[in-house]
Amino acid sequence: MSHPASPAAPEVEPDPDPVAAEQPYVSMLYGRLDVRRQETAELLARVLRDETTGTPQAVSERDAAAAMYSEQLATLSAVEEGLCFGRLDVEPEALTGDADPETPGFDQETVYIGRLGLLDEDHDYEPLLIDWRAPVARPYYTATAANPDGIRRRRHLRTRSRRVLAVDDEILDLREAAAAASRGHQRQGLTGEATLLAALGAGRTGRMGDIVATIQSEQDRIIRSGVNGVLVVEGGPGTGKTAVALHRAAYLLYTHRRQLAKRGVLVVGPNPTFLRYIEQVLPSLGETSVLLQTVGELYPGLAARGHEAPERAARKGAEDLSKVLAAAVRDRQELPRRPVRLVVDGEPVEIDRDLVAQARTRARRTRRPHNDAKRTFVREAIDLLARRERDRISAQGSHPEVPDSDLRLLDRGDLADIRQTMREDADLIAALDGFWPTLTPPQLLADLYTDRKRITAATRGWSDADRDLLHRDTGPRHPLDPQWWTPADAVLLDEAAELLGEDDTAERERAERKREADEAYAAGVLEILAMEEDWDPELLRPTDVVDASVLADRSSEGSWASAAERAAEDRTWTFGHVIVDEAQELSPMAWRVLMRRCPSRSMTLVGDVAQTGARDGASSWHSVLSPYVAARWRREALTVNYRTPAEIAAVAAEVLAVIDPGQTPPESVRESGVPPRAVGVPADDVEALVHQVATTTRAAVDEVVDAEGNGRVAVLAPGTRVAALAERLRADGLLGEDAADERGGSDLEVAVVVSTVSDAKGLEFDAVVLADPEGLVAESPRGLNDLYVALTRATRSLDVVHPGALPAVLSTLA
Ligand SMILES: Nc1ncnc2c1ncn2[C@@H]1O[C@H](COP(=O)(O)OP(=O)(O)OP(=O)(O)O)[C@@H](O)[C@H]1O
């Protein structure tokens, strides 16, 4: 297959027309990309076309190759937009011999940076494009005039649909930089300012985009921070915490692929809408093996969508629920109120309180989960009953009327026979089962919630008001009814599963044996694939990208499911790395689940305690983390606000000063020129409020939504006002029909949304209309935090509609 010839990179010296100068190189890169796509598509077609012999091995070989080529094709398609976005010109003297010769591009004077690596197959595999995550690309994000890292010039390429639109150069020379700054061209501390500001000024589409072309130095440091241990990333609203967390996932998967691809990476976000907002980012970076979940989805088989009052959720999320659930389980290990009398094999048997208590104590002493310990309970109870039976018969044996057969039995000392007879007696087993029932997590929890006596037994020391927060009148229609269970319940189901356990030892052993067999088999498959004669030597072979254990991982499922897919179905799955966004919102019980999912404690937690909305959310990282890692965690901070223009940030800063006077607000990177506005309506006049919000929203739509439909407006309001506002805006034709997706999130593609603050967490909009700030503050004990979050969602304009007087905390708007 022929490749487009590689034009030389244009000269470093000033180009009269750098856009035109770069176009041939960029076009060549796209040409190479096309060739790779075509080659991969042909390989895929060939694999799919090939008749197999029909043996399991042949089918498996074909599936392995097909899955691999499909994944490669998906990656090659994902990098189309903005394939190449940067170029570094290296000082010749910086090309010293101490760089790792394995590193692509280490000895090149000119390096192009892009979304993936491309090699020149005609010229000894010289790199034509360097993956942004490769070490050689790093100075693109970090070099400064003061510390140029061997870089002479950094060039930012802005492209659209394969055309170079603009080129921004930074000369990393102190004198040049000073001259540029004095001309007002370069602000200290920002990398590629013009490109950055162009990216930030673009209208929002409702979906988060990647920032790979404009990652800033403080962000890069976090993205490339080591994989081990717990990293907490703090930063105010709009500092790029989410963006950084997602790019870190992509970076870690690139750099530690062997370690992480197998166990997968989990990203936890605050709500389904947020996950939809971010779900494009990692695929656009070529990464598909990351599992995105909300807390309500952590329990396999359940996407908890039920709603409950914040105080209920907070009560369920508190740390002491682990004790409550343990007590609830113990409460199910009951003692008979009066003896149970049965006839076993024609003989009377009595199960009394004392006997059950003894068996229960022994079973509890095993410290095994409830369902596992049941075997001990039943064995002990039967043993005690059998001994009693033996003693009874022995006592009778001295009696002249005892039949000979019984005496013979005892002569043989065959206690085992008595036990066996008892074990086979269905009535006896059923009676014992009643004292130590096998339980599933939904059963345990639903039984607890719907029975006040059980709640009382499990919540020693609680007030009645607190107990009411657990109580529910009716149970779920089916065990995992998603509307009945709430996200806080999903967490408790996981805890319950830990306490109950499953007796799966045999299954695990079987799985382990199967896995060993699969791995041996996969090694055979790879050997055969490697021997395939007509592989083009220049092409990537399957053996270059998969090893036997990865292949076995896939084939053992039969469905070629990725680690992420399998992890979603397995409660006991442990991840290679866990990223938690809006981590301040998680309850102590949710932290327990996540820590169980990540025993290696390789985690990235991003959040901002000033934005905590959940009543049981974090107020300090120390209190969240110390039970799990003591003081062994590291902290990084982001300080620049990329989202909110300075005018709006000034209003938010006043609110932050009330929440926590000790916190420094992040510095806005730009001004919008649009001052935030406030308009008052009479207090207690709902109609006037609704009317004014509709008028303001229409004006905001006219201002920020363009003819192509780019631009988003959010009306943020207290929960109690959302329905009325949505109804009015819908009647006015400003709001589309409710179009929640299958995950339960709201539609992100529509121009206008009406939402509570908690549902808008982590999102951003060109314009925000904030209705009833006072109502928002009054709505929850963390109302000021909610107000702070609401004020910091806008990228361009903010309008506040306030019934009655403007709250004092917003006096800067007056
Ligand atoms: N280096 C960057 N280049 C371009 N855009 C950026 C950069 N960093 C952040 N942004 C943009 O700034 C906006 C805010 O980023 P992000 O949502 O990650 O912030 P956050 O800190 O998570 O905010 P919050 O705490 O409010 O959820 C996004 O539109 C993001 O794409």
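If you're wondering where the values come from, they're calculated on a predicted model, not measured in any experiment.

J.: Got a minute to help me understand the overall build of the chain in this structure?
T.: Scanning the chain from N- to C-terminus turns up 33 helices and 21 strands. Look at the contacts in the chain between residues 6 or more apart in sequence, and 75% of them connect residues 24 or more apart.

J.: So what exactly am I meant to see when it comes to the sheet that holds strand β3 (residues 118-120) here?
T.: Strand-to-strand pairing in sheets goes through backbone hydrogen bonds, with the strands running parallel or antiparallel. The six strands are arranged β3-β4-β2-β1-β5-β6 in an open sheet whose pairing can be described as mixed. Since the sheet does not close on itself, it has two edges, and those belong to β3 and β6 (163-171), each with one partner. On average, each strand axis in the sheet is tilted by 20 degrees relative to the strand beside it, whichever way the strands run. Taken together, the eight bridges between strand β5 (residues 151-160) and β6 define a ladder with antiparallel strand orientation. Its bridge partner being in β6, Arg-155 is matched across the sheet by Asp-169. Helix α1 (residues 18-49) rests against β1 (84-90), β2 (110-114), β3, β4 (126-131), β5 and β6 of the sheet, and its axis sits at about 120 degrees to β6.

J.: Just to check I follow, could you spell out the nonpolar core for this structure?
T.: Across soluble globular proteins, you tend to see nonpolar side chains buried next to one another. Core analysis: the largest hydrophobic core is formed by 74 residues, its most contacted members being Ile-113, Trp-132, Ile-278, Leu-770, Leu-787, Leu-791 and Leu-810. With nine residues, helix α7 (residues 241-255) is the single largest residue contributor to this core. Other than its neighbours up to four places away in sequence, Leu-787 contacts Val-655, Leu-770, Pro-773, Leu-776, Val-777, Val-809 and Leu-810.

J.: Is there a simple way to think about the environment of Ser-217 in this case?
T.: Inspection of the secondary structure puts Ser-217 in helix α6 (residues 217-223). Among the residues examined, Ser-217 registers a relative accessible area of 25% and is labelled partly exposed. Here the alpha-carbon distance between Ser-217 and Tyr-642, two residues 425 residues apart in the chain, equals 13 Å. Other than its neighbours up to four places away in sequence, Ser-217 contacts Tyr-141, Thr-142 and Thr-191.

J.: Is there a simple way to think about the site of the ligand in this case?
T.: Around the ligand sit 24 residues, and of these Thr-214, Gln-219, Lys-241, Glu-764 and Arg-793 come closest. Between the ligand and Thr-239, the relevant distance is 3.2 Å, taken from an oxygen atom to a main-chain nitrogen or oxygen of the residue. At 2.9 Å from an oxygen atom of the ligand is found a main-chain nitrogen or oxygen belonging to Ala-243. Surface burial for the ligand is 96%, taken as the share of its 630 Å² of free accessible area covered by protein chains. Elements supplying a minimum of two residues to the shell around the ligand: α5 (193-201) and α7. Top contributing element to the shell around the ligand by residue count: α7, with three residues. Grouping the amino acids of the shell around the ligand by side-chain chemistry returns eight nonpolar, ten polar and six charged.

J.: Hey, could you run me through the sheet that holds strand β20 (residues 765-771) in this one?
T.: Taken in spatial order, the five strands make up an open sheet running β17-β21-β20-β18-β19, and their pairing is parallel. The open sheet has two edge strands with one neighbour each: β17 (677-681) and β19 (752-755). Ignoring which end each strand starts from, the neighbouring axes of this sheet average 20 degrees apart. Pairing of β20 with strand β21 (residues 794-803) involves six bridges; the strand directions are parallel. Bridging across to β21, Ala-771 finds its partner in Val-801. Along the sheet, helix α29 (residues 686-704) makes contact with β17, β18 (713-716), β19, β20 and β21, crossing β21 at roughly 165 degrees. Contacts from helix α30 (residues 719-731) reach β18, β19 and β20 within the one sheet, and its direction differs from that of β19 by about 160 degrees.

J.: What's the story with the packing of α1 against helix α2 (residues 56-78) in this structure? I'm lost.
T.: What describes two packed helices is the angle between their axes and the distance between those same axes. Packing of α1 against α2 leaves a shortest axis separation of 9 Å and a crossing angle of 155 degrees. As the angle between them shows, α1 and α2 are arranged roughly antiparallel. Relative to α2, the crossing made by α1 is left-handed. Residues Leu-33, Arg-36, Arg-37, Thr-40, Ala-41, Leu-43, Leu-44, Val-47 and Leu-48 of α1 form the contact with α2, whose participating residues are Arg-62, Ala-65, Ala-66, Tyr-69, Ser-70, Gln-72, Leu-73, Leu-76 and Ser-77.

J.: Hey, could you run me through the UniProt feature "binding site: ATP" (unreviewed entry) in the chain in this one?
T.: Residues given the UniProt feature "binding site: ATP" (unreviewed entry) here are Gly-235, Gly-236, Pro-237, Gly-238, Thr-239, Gly-240, Lys-241 and Thr-242. For Lys-241, a relative accessible area of 9% gives the class buried. Those residues in contact with Lys-241 that sit more than four places away from it in its chain are Val-233, Glu-234, Gly-235, Gly-236, Val-606, Gly-607, Asp-608, Gln-611 and Leu-638. There is a polar contact of 2.9 Å between the side chain of Lys-241 and the backbone oxygen of Gly-235.

J.: Any chance you could explain the pattern of salt bridges here in plain terms?
T.: Here the idea is simple: oppositely charged side chains can pair when their charged atoms come close. All told, the structure shown has 60 salt bridges when counted by the stated rule. The closest approach of N and O atoms between Arg-133 and Glu-287, which form a salt bridge, is 2.9 Å. With Arg-133 in the loop between β4 and α3 (139-142) and Glu-287 in the loop between α10 (281-284) and β9 (290-294), this pair connects stretches of sequence that are 154 residues apart. Judged by relative accessible area, which is 3%, Glu-287 ranks as buried. Arg-796 is paired through a salt bridge with Asp-766; the nearest N and O atoms lie 3.5 Å apart.

J.: So what exactly am I meant to see when it comes to the packing of aromatic side chains here?
T.: How two aromatic rings sit relative to each other is set out by the distance from centre to centre and by the angle between their planes. If you walk through the whole model with that rule in mind, you get seven aromatic pairs. On the numbers, 4.0 Å between centres and 15 degrees between planes, the contact of Tyr-25 with Tyr-112 is stacked. You can see Tyr-25 sitting in helix α1 and its partner Tyr-112 sitting in strand β2, a full 87 residues away along the chain. For the pair formed by Tyr-25 and Tyr-112, the shared burial category is buried. Measuring from centroid to centroid gives 5.1 Å for Tyr-140 and Tyr-141, while their planes differ by 85 degrees, and the two rings are edge-to-face. Take Tyr-140: its relative accessible area is 1%, and that puts it in the buried class. Note on Tyr-141: relative accessible area 1%, which makes it buried. Through pairs of rings, three or more aromatic residues link up here, namely Phe-85, Tyr-140 and Tyr-141. The ring of Trp-573 carries Arg-263 above its face, with NZ or CZ at 4.2 Å from the centroid. Against the face of Trp-484 rests Arg-472, its NZ or CZ located 3.8 Å from the ring centre.

J.: Can you help me understand a positive patch on the surface in this one?
T.: Taken together, the side chains of Arg-337, Arg-338, Arg-353 and Lys-453 make up a positively charged region of the molecular surface. Locating Lys-453 in the fold gives a position in helix α19 (residues 452-458).

J.: Please clarify how the side chain of Glu-22 should be interpreted in this entry.
T.: Structurally, Glu-22 is set in helix α1. The class for Glu-22 is buried, based on a relative accessible area of 0%. Within the local environment of Glu-22, its side chain forms a polar contact with the side chain of Tyr-112, the two groups lying 2.6 Å apart.

J.: Is there a simple way to explain helix α16 (residues 415-423) in this structure?
T.: Given 3.6 residues per turn, any residue in an α-helix points the same way as the ones three and four places further on. Among the residues of α16, those classed as buried are Leu-415, Ile-418 and Met-422. An end-on view of α16 places all buried positions within 65 degrees of arc, on one side of the element.

J.: What is the right way to read the side chain of Thr-159 from this model?
T.: Turning to its location among the elements, Thr-159 is positioned in strand β5. Each residue touching Thr-159, except ones within four places of it in the same chain, is listed here: Glu-81, Gly-82, Cys-84, Val-164 and Leu-165.

J.: Explain α5 here, please?
T.: Among the residues of α5, those classed as buried are Glu-193, Thr-195, Leu-196 and Leu-200. Seen from one end, α5 has its buried residues packed into an arc of 165 degrees, which puts them on one side. Against the buried residues of α5 lie β5 and β6.

J.: Quick question: what am I supposed to make of the packing of helix α12 (residues 321-331) against helix α21 (residues 487-500) here?
T.: Orientation of α12 relative to α21, taken along the N-to-C sense of each, is 50 degrees, at an axis distance of 10 Å. By the angle between their directions, the pair α12 and α21 is classed as oblique. As for the relative orientation of α12 and α21, their crossing is right-handed in sense. Here Leu-321, Ser-322, Leu-325, Ala-326 and Val-329 of α12 come into contact with α21, specifically with Leu-492, Glu-495, Ala-496, Leu-499 and Leu-500. Residue classes in the contact of α12 with α21 are distributed as eight nonpolar, one polar and one charged.

Thresholds, definitions, all that
- Residues numbered from 1 in each chain as written.
- Predicted model: local features only at pLDDT ≥ 70, side-chain atom pairs only at ≥ 80, totals over all residues.
- Heavy atoms only, no water.
- Helix = DSSP H or I, 4+ residues; strand = E, 2+ residues; numbered from the N terminus.
- Contact = heavy atoms within 4.5 Å.
- Pairing = 2+ DSSP bridges.
- Axes fitted to C-alpha atoms, helices over the stretch in contact; angles between N-to-C directions.
- Core = buried A, V, L, I, M, F, W, Y, C linked by side-chain atoms within 4.5 Å.
- Buried < 20%, exposed > 50% of the residue type's maximum accessible area, 1.4 Å probe, protein only.
- Near = heavy atom within 4 Å.
- Polar contact = N/O pair within 3.5 Å; in protein donor to acceptor, adjacent residues only side chain to side chain.
- Areas by Shrake-Rupley, 256 points an atom, 1.4 Å probe, with all protein chains shown as cover.
- Nonpolar A, V, L, I, M, F, W, Y, C, P; charged D, E, K, R; others polar.
- Parallel < 35°, antiparallel > 145°, perpendicular 65-115°, else oblique.
- Left-handed = near helix turned anticlockwise from the far one by under 90°.
- UniProt positions renumbered as here; feature names shortened; annotations may be inferred.
- Salt bridge = Lys/Arg side-chain N within 4 Å of Asp/Glu carboxyl O.
- Phe/Tyr/Trp six-rings, centres within 6.5 Å; stacked < 30°, edge-to-face > 60°.
- Lys NZ or Arg CZ within 6 Å of the ring centre and 35° of its normal.
- Patch = residues over 30% accessible without salt bridge, like charges linked within 9 Å, V, L, I, M, F, W, Y side chains within 5 Å.
- Lys, Arg positive; Asp, Glu negative; His and termini not counted.
- Charge placed at Lys NZ, Arg CZ, Asp CG, Glu CD.
- Arc of directions from axis to C-beta.

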